[in-house]
Structures are given as structure tokens and as C-alpha cells.
Amino acid sequence: MRDCSKILIAHGGGGGLSYQLIKELFLPAFENPVSKKLDDAACLPLQGKRIAFSTDSYVVKPLFFLGGDIGKLAVCGTINDLAMMGAEPLYISAAFIIEEGFPLDTLKRVINSMKEIAKETGVLIVTGDTKVVEKGSLDQIFINTAGIGYIDGDLNISGSNAKVGDVVILSGTIGDHGIAVLSQRDGFKFESRLKSDCAPLNKLVSKMVEKSKNIHVLRDPTRGGIATTLNEISLQSGIEILIKEKDIPIRDEVRAACEILGLDPLNLPSEGKLIAFVSGEDAHLVLQAMREDPLGKDATIIGEVSGNTQSRVLLETIIGGTRIVNLPEGDLLPRIC
Amino acid sequence: MEYLDKLRDRKLADGLVKKIRTLTPKRHNFMEVCGTHTVTILKSGIKDLLRDEINLISGPGCPVCVTSTQDVDKAISIARMDGVILATFGDMLKVPGSSSSLQREKAEGRNIRVIYSSLDALKIARENPKKMVVLLAIGFETTAPTIASTLLTAIRMGLSNFSILSLHKLIPPAMKALLGMGEIRLEGFICPGHVGTIIGSTPFQFIAKDYGIPCVITGFEPLDILQAIFILLTQKKEKKSQVMIQYKRAVSKEGNPVALDLMDKVFERCDAKWRGLRTIPESGLRLRDKYKNFDGEYLFDIRDEEVKDPSGCICGEILRGIKEPIDCKLFGRSCRPYHPVGPCMVSSEGSCAAYYHYGRKER
């Protein structure tokens, strides 16, 4: 912030600059006990019960990609943000900002996709808004969704709850969404049949929380990938995290694309994966529950909380060295979700 | 990926590390000349893995980093001229000149185009016949042949609105200059594999012969580098100093004769200004006289002005291997990848950027 007088693309990238913007501008302005927790969703006390509340905007380009589209992404994204608090998602709002001249048939496809995913997950889309702006004022269509969900009485899941002794579980391969969207963008001339992993994670989460009360953190590694997610958790909880490169599941297509494009898979977004910090003794119970769900069949332990004297993320590399995993900085991938 | 995986195999790495440890009763100073090697060394954790055995020092082998502030200013001056389109590879955009950068000039509306291939510059020239397209050509022996080939293609196409600002540099003269300065005691060179594919191993011979320092031309995967370190240590143990090729899957003793011919046809050697190393004789490439109508230096005649490098920035010392990025007061504070003060933080192959992203030590 102190070095920039203008908003850069990287301020929205989910990396270091996004974090700086939140810390130095948004939080001081809106600080209260709820917002300062910086979780994926706010946890609101309401007449002795707790409600999770979250919002997100979707600007993905292209609008349609293998494995999903902006509509599916908009509903899944908010469902997942609620689920990451252990909440059962209930109601969602949908607001559309549309460019003049946008084809009605395309809008119908997007709406239909939102309808399908809401039906599949049992979430109700209960309110909404539409704005249309002059041609050229925005690119096709942006969608905002917000949602609320109910948090079961004794759950206490937050990015600030990770502890020494926790293991880090990842629900499956990383970066599928990032590469699937990129490969279908103009200017990237490579063919891929890789599908986005865009999916609602609420059912997987409910199976996990049913099995264990010792799930301390849940996060879905979207923008900025697991590098960002793990760094955020390490900062929130004041812990050191050690992950092992050899244990991180990455599809060959994703690795190959990263080699060609010079990208780091740890920085790539997923839209249907989660990271869980679980106490060591419950890890296998949770892992088993996850593997029984189709969205968690490749779940695996990728690391552990290795200390609490400093906030940092370390990676044991494939050849046995160790290095820092930094919050990604600079130009990440704009409009990936 | 299967092919790459073999070059990142844990068991083989463990074996090499074990052998390296038996050969290092004392710590050795080896320099990796090339920025791509620096990235692999940090990203794969080799630096940390062998921290007690080998002091791996980053060298001047990142073309963006060694481009002098004057040369960046020169490119900016050309970009400011009417009727000019400056075509550049993306990594030059953020490099700070003395008072601006190409990125800032682009935001101000100068006609600066980012290209992915030098042939893109020809396309731009063809589509804009009333503008002069200037290709900002930076790089080492690795990129010079493609630029030479682009120029010859432009001539074949009959393009008269295309020119080149050649800031090309040559690696062996820089290594010689570095050794001549005598600031660091080097015991081995991990030589750049990509440069080696073009020039072969012969141009490195003087280092082994005249300075008694072993050299290994090395590939870019973790096992390549571990093997190169092992070969260097074996030479040390046997008290030999030879130039050996580890990167045999790409490099031959003679190099690539077609590429060398192309380079020789279009370019001739000249003195060149290197950031941190000052002016090194015969270390640059300029267009031969017969191509002067395509030479940005000749066409635009921009005077060199003395400029100072940014205050507090130690990129020069880092490029000479006498300091590490973490020794810089600006590192990670006012100098970060999104807001670089010096060029070593700009390029993804720059030492500072690599240390910033992957360095083991605290900042």
C-alpha cells in the first residue's frame, strides 16, 4: 500500500498485496470482533445460536470452461466458504451485473447452472438483484453471491485454531481449476482436457465433522492456492507449518502446464478442494470419512504443524531439502474465479 | 513428466548428497553463473541441504539483472520518440531506469508492446508500416542466434521499418572479468547449460587452464546440479581443473554450429556495460556495419549519460557474488517483487527474486 498509489491487478490476486489491502485498509475501517477473525465466513452469534455469513464476487474469464461456468462457481464458492466454518449452508443471494448487449441465451445457461447446483446441494437461492451497465463498462457479466448457514453447537472451526500436534490434510489434487481455466483462455495456446474441480464441499464437510470434534481449521485453497491458504493459517494461528512436496497430489497435466508456463502449482487455485487441520489422534478417522466421499477420495496427509515460535510455511522438497513457501506476490492469475 | 521426474528422484539425490558429504571435509565456494540455476538451487532446497558443505554463490547470469541503468534509460528514450513502437520481452518492463521504467512509460501511453517471440516484432512491423518497430534485444549467447535469425528474416521480408537495440552480452568475458577483480575466492564454476548448448565447452577452457578452476556445464534439474557439484568436488580431490559437460543431453564440445554461424554473420563483439561489473571489453554484441540501417544505436544516436544506481541497492555486489540478497537493507522491505528497486528483484531469474520466493533464511 505504501508503495502503490493505485490498485494493481495483484491487489485482487489473493496473495501478499490482497492481504496487505485487507490489513491496512479494510480491517482498520471495519474492525469489530467478528471481522477481525479473517475467516472465509463471519461467525455471527444469534439468540444463543451461531450463523455463518459470507459473500464473494465472481469475474471468471472465460465464462464457460471444462467442468463448470461462472454460475456454478458463484454458488459453489459461497457454499464452500460457509462449509469452511463447519456450517450447513442454507440460503444464498445472487446479484448480477451485466454488460449491455449480453446474450439472453448465455444468461439462461448461467442461471440454469446455478439452479442445478442449488438443487443438488439443497441450498435455496432466496433473494437477488440485477444491474445492467453500458457496453464496455464491464466484461460480459459479474456475479456476487452471499450466503448464510447454521453452525452446529459444539463446532469451533477457525483459521486461528491450528495447534502444534495437528496434521494437515488435503482433500485431493491441487491446481485443476487454475489450469483448466487458463488453458481455455485466449493467448494460451495449449490443448487440455483437464476439468475444473469446481464442486460444493458441504457434504464432504458434514461427513468430516460428524466423525471428529477435533477439526480445528478448514479452508478451501482458491485464489493464491495452498501457498496462500497455509500462509494465512500460519499467520492467524501463530504457527509454523511443514509440508512435504512428495505428498502433495498434483495431476501430471497440471505439473506439465506449470513447467511450460513457469507457474508454481502451490499458487494455483482449486475450487473443489479443502485443507483441514486436525488433531493427530483424529487424523485417520477424518481421513477415512473423507475418502468415503467422492470429493475426498484422494484425501491425504501433506504435513503438520511443526512449531509455534514463528509464523511461516516450510516445504520439504522432493529431493529432501527445505525451503520457505512465501505468500505469492506480484501478478498472479487475474479473473480465475 | 516421467522424464523430468527421473531428474528429481529422491533416492538418487540422497546418494549424491551422501557422496558429496564424503568429499567435503571443508566448505567450498562454488559459483552458479546462471540465474536459472539459482532458482533451481533455492526452489529444490539444495542451498539448504548442502549449507554446511558448499557455499553456492549466485553469479552474473541473469540478462535482465546485468542490463545497466543507462541502457534501460536508452530504451526508455527510444520508446518516448514519435513514430516508434518498442517491442520487448515482458521481464524488461519493470526494470527501473534512472527515473522511469518501461512499465511506467507504457502506462503513460507510449507504444510499448510485450512480445513472447522475436518474430512477434516482425508481425508488429508488418502491421504498422508507418512506424519504426525497435526490438529491445537482451540476453546472452542463448538468445543472440534467434535475434540474428529474426533480423535476416526481416531483410528477406523486405521490412524497412524494423530495427534492433542490441544489449546482448557474452558470458565467458564476464566470468573472466569477475575472476580478474579477485574479490571472491572461487573454487569451481557451475557453468550455464543453455549458453553451453550454443557455444559448447571450448570458450570456458581458459578458466580451467589459466585460473586452475574446474568448470562443469550443467543442466537445470536438481539432480543435474547435485551431479555437477559432485563432479567439481571430484576434480578438487584429484587436484584437476577441467571443463566437463554434465548436461550431455544438450551440450557438445563444439556447440551449435548453425547458431554460431548466424550470430557471427549478424553480430560482432564490442565492449559492454554490465551492472555491477562496469564496462567489460569484448563482452557485448553489436550489429555488424552492413546491418547499420537496422541498428537502433545507429538510427537513434542516443548519448550515454552517467547515472547513479538506486541508493541503498546492492544489486551490483550481488551480481559480483560478494554479497547475498539478504545482506541488502532494502530486501523484502522497500524492494519486493511487485515494487522492485533493483533489477535482481525484477526478473524471475534474479537472485533477489529467487531468494524472496524460496530463500530458507528469515527476512
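Residues numbered from 1 in each chain as written. Chains lettered and ligands numbered in written order. Predicted model: local features only at pLDDT ≥ 70, side-chain atom pairs only at ≥ 80, totals over all residues.

Colleague: For the overall build of chain A, give the residues involved together with the corresponding values.
Modeller: For chain A, the helix and strand inventory stands at eight helices and 14 strands. Taking 2.2 N^0.38 as the reference for a compact globule, 337 residues should give roughly 20 Å; the C-alpha atoms of chain A span a radius of gyration of 19 Å, in line with that estimate. Structurally, chain A occupies a C-alpha span of about 55 × 55 × 45 Å along its principal axes. Taken across its 337 residues, chain A has 47% of its residues classed as buried. Counting only contacts in chain A whose residues sit at least 6 apart along the sequence, the fraction spanning at least 24 positions is 82%. (Helix = DSSP H or I, 4+ residues; strand = E, 2+ residues; numbered from the N terminus. Rg over C-alpha atoms; globule rule 2.2 N^0.38 Å. Buried ≥ 20, exposed ≤ 12 C-beta atoms within 10 Å, placed from the backbone. Contact = placed C-beta atoms within 7 Å.)

Colleague: Explain the nonpolar core to me, using residue names and the numbers behind them.
Modeller: Formed by 201 residues in total, the largest nonpolar core has its most connected members in I169(A), A276(A), V286(A), L86(B), V134(B), L136(B) and F189(B). Split by domain, this core shows at least three residues from each of two domains, domain 2 (42-151) and domain 3 (166-324) of chain A. Residues contacting A276(A), with those up to four places away along its chain left out, are I169(A), M208(A), I215(A), V217(A), L218(A) and V286(A). (Core = buried A, V, L, I, M, F, W, Y, C linked by C-beta atoms within 7 Å. Domains from an automatic or database assignment.)

Colleague: Go over helix α3 (residues 35-43) of chain B with me, naming the residues and quoting the values.
Modeller: Residue and element names in this part refer to chain B. With respect to burial, α3 is a largely interior element, seven of its nine residues being buried. Those residues of α3 that fall on the buried side of the exposure criterion are G35, H37, T38, V39, T40, I41 and L42. Following α3 by one or two positions, G45 adopts a phi angle in the positive range, close to 85°.

Colleague: So what about the packing of α3(B) against helix α17 (residues 351-358) of chain B? Which residues, and what values?
Modeller: Relative orientation and spacing of two packed helices are given, respectively, by the angle between their axes and the distance between those axes. Residues and elements named next belong to chain B. In the contact formed by α3 and α17, the axes pass within 9 Å of each other and the chain directions differ by 15°. Judged by the inter-axis angle, α3 sits roughly parallel to α17. In terms of crossing hand, the pair formed by α3 and α17 is right-handed. Residues T38, V39, L42 and K43 of α3 form the contact with α17, whose participating residues are S351, A354, Y355 and Y358. (Axes fitted to C-alpha atoms, helices over the stretch in contact; angles between N-to-C directions. Parallel < 35°, antiparallel > 145°, perpendicular 65-115°, else oblique. Left-handed = near helix turned anticlockwise from the far one by under 90°.)

Colleague: Kindly report on the interface of chain A and chain B, identifying the contributing residues and their values.
Modeller: When the parts come together, some accessible area is lost, and that loss is often what is quoted as the size of the interface. Taken together, the contacts link 21 residues of chain A with 24 residues of chain B. Elements with a minimum of two residues in the side of chain A that touches chain B: α7 (252-261) and β14 (322-324) of chain A. Grouping the amino acids of the side of chain A that touches chain B by side-chain chemistry returns seven nonpolar, seven polar and seven charged. (Nonpolar A, V, L, I, M, F, W, Y, C, P; charged D, E, K, R; others polar.)

Colleague: Run through the domain arrangement of chain A, naming residues and quoting values.
Modeller: Assigned domains within chain A: domain 1 (1-31), domain 2 (42-151) and domain 3 (166-324). Between the C-alpha centres of domain 1 of chain A and domain 2 of chain A there is a distance of 24 Å.

Colleague: Report on the pairing of strand β10 (residues 240-244) of chain A, specifying residues and quantitative values.
Modeller: All names here are of chain A. Of the two faces of β10, only the one carrying I241 and I243 is buried; E240, L242 and K244 on the other face are not. Of the strand pairs in this sheet, β10 and strand β12 (residues 300-307) are connected by four bridges, and their pairing is antiparallel. Of the residues in β12, the one forming a bridge with E240 is G307. Pairing geometry for β10 and strand β13 (residues 312-316), over five bridges, is parallel. Residue pairing in the sheet places L242 in a bridge with L314 of β13. (Pairing = 2+ DSSP bridges.)

Colleague: Could you give an account of unusual backbone geometry, with specific residues and numbers?
Modeller: K61(A) connects to P62(A) through a cis peptide bond whose omega is 5°. Summarising the element assignment, P62(A) is placed in the loop between β2 (49-58) and β3 (64-65). Of note in this structure, Q47(A) is not a glycine but carries a positive phi near 45°. Tracing the backbone shows Q47(A) in the loop between β1 (42-46) and β2. Q47(A) gets classed as exposed once you count the C-beta atoms within 10 Å, which come to 5. Of note, K239(B) is a non-glycine position whose phi angle comes to about 55°, a positive value. Mapped onto the elements, K239(B) comes out in the loop between α13 (222-237) and β9 (243-245).

Colleague: Kindly report on the sheet that holds strand β2 (residues 54-61) of chain B, identifying the contributing residues and their values.
Modeller: Residue and element names in this part refer to chain B. Pairing within the open sheet is parallel, and its five strands lie in the order β2-β1-β7-β8-β9. Edge strands, defined here as strands with exactly one partner in the open sheet, are β2 and β9. Neighbouring strand axes in the sheet, compared pairwise and without regard to direction, differ in orientation by 25° on average. Examined bridge by bridge, strand β1 (residues 28-34) and strand β7 (residues 188-192) share three bridges and lie parallel to one another. Bridged to E32 within β7 is I190. Taken strand by strand, helix α10 (residues 171-181) contacts β1, β2 and β7, and its axis lies near 125° from that of β2.

Colleague: Run through the sheet that holds strand β4 (residues 112-115) of chain B, naming residues and quoting values.
Modeller: Residues and elements named next belong to chain B. Spatial strand order, β4-β3-β5-β6: four strands in an open sheet with parallel pairing. Among the strands making up the open sheet, the edge pair consists of β4 and β6 (162-166). Going from strand to strand, the sheet's axes swing by 30° on average, the running direction of each strand aside. Note that strand β5 (residues 132-137) and β6 share five bridges and pair parallel.

Colleague: I'd like a description of the environment of P265(A), backed by residues and values.
Modeller: Residues and elements named next belong to chain A. When you line up the elements, P265 lands in the loop between α7 and β11 (275-279). A C-alpha to C-alpha distance of 9.0 Å links P265 and G178, two positions 87 residues apart in sequence. When near neighbours in sequence (up to four residues on either side) are disregarded, P265 contacts I174, G175, I250, V254, R255 and C258.

Colleague: Mind laying out the environment of P96(B), listing which residues take part and the relevant values?
Modeller: All names here are of chain B. Mapped onto the secondary structure, P96 falls in the loop between β3 (84-89) and α7 (102-107). Since 22 C-beta atoms lie within 10 Å of it, P96 is described here as buried. For the pair P96 and S68, spaced 28 residues apart in sequence, the C-alpha to C-alpha distance is 9.9 Å. What P96 contacts, discounting residues up to four positions off in sequence, is S101, P310, P340 and V341.

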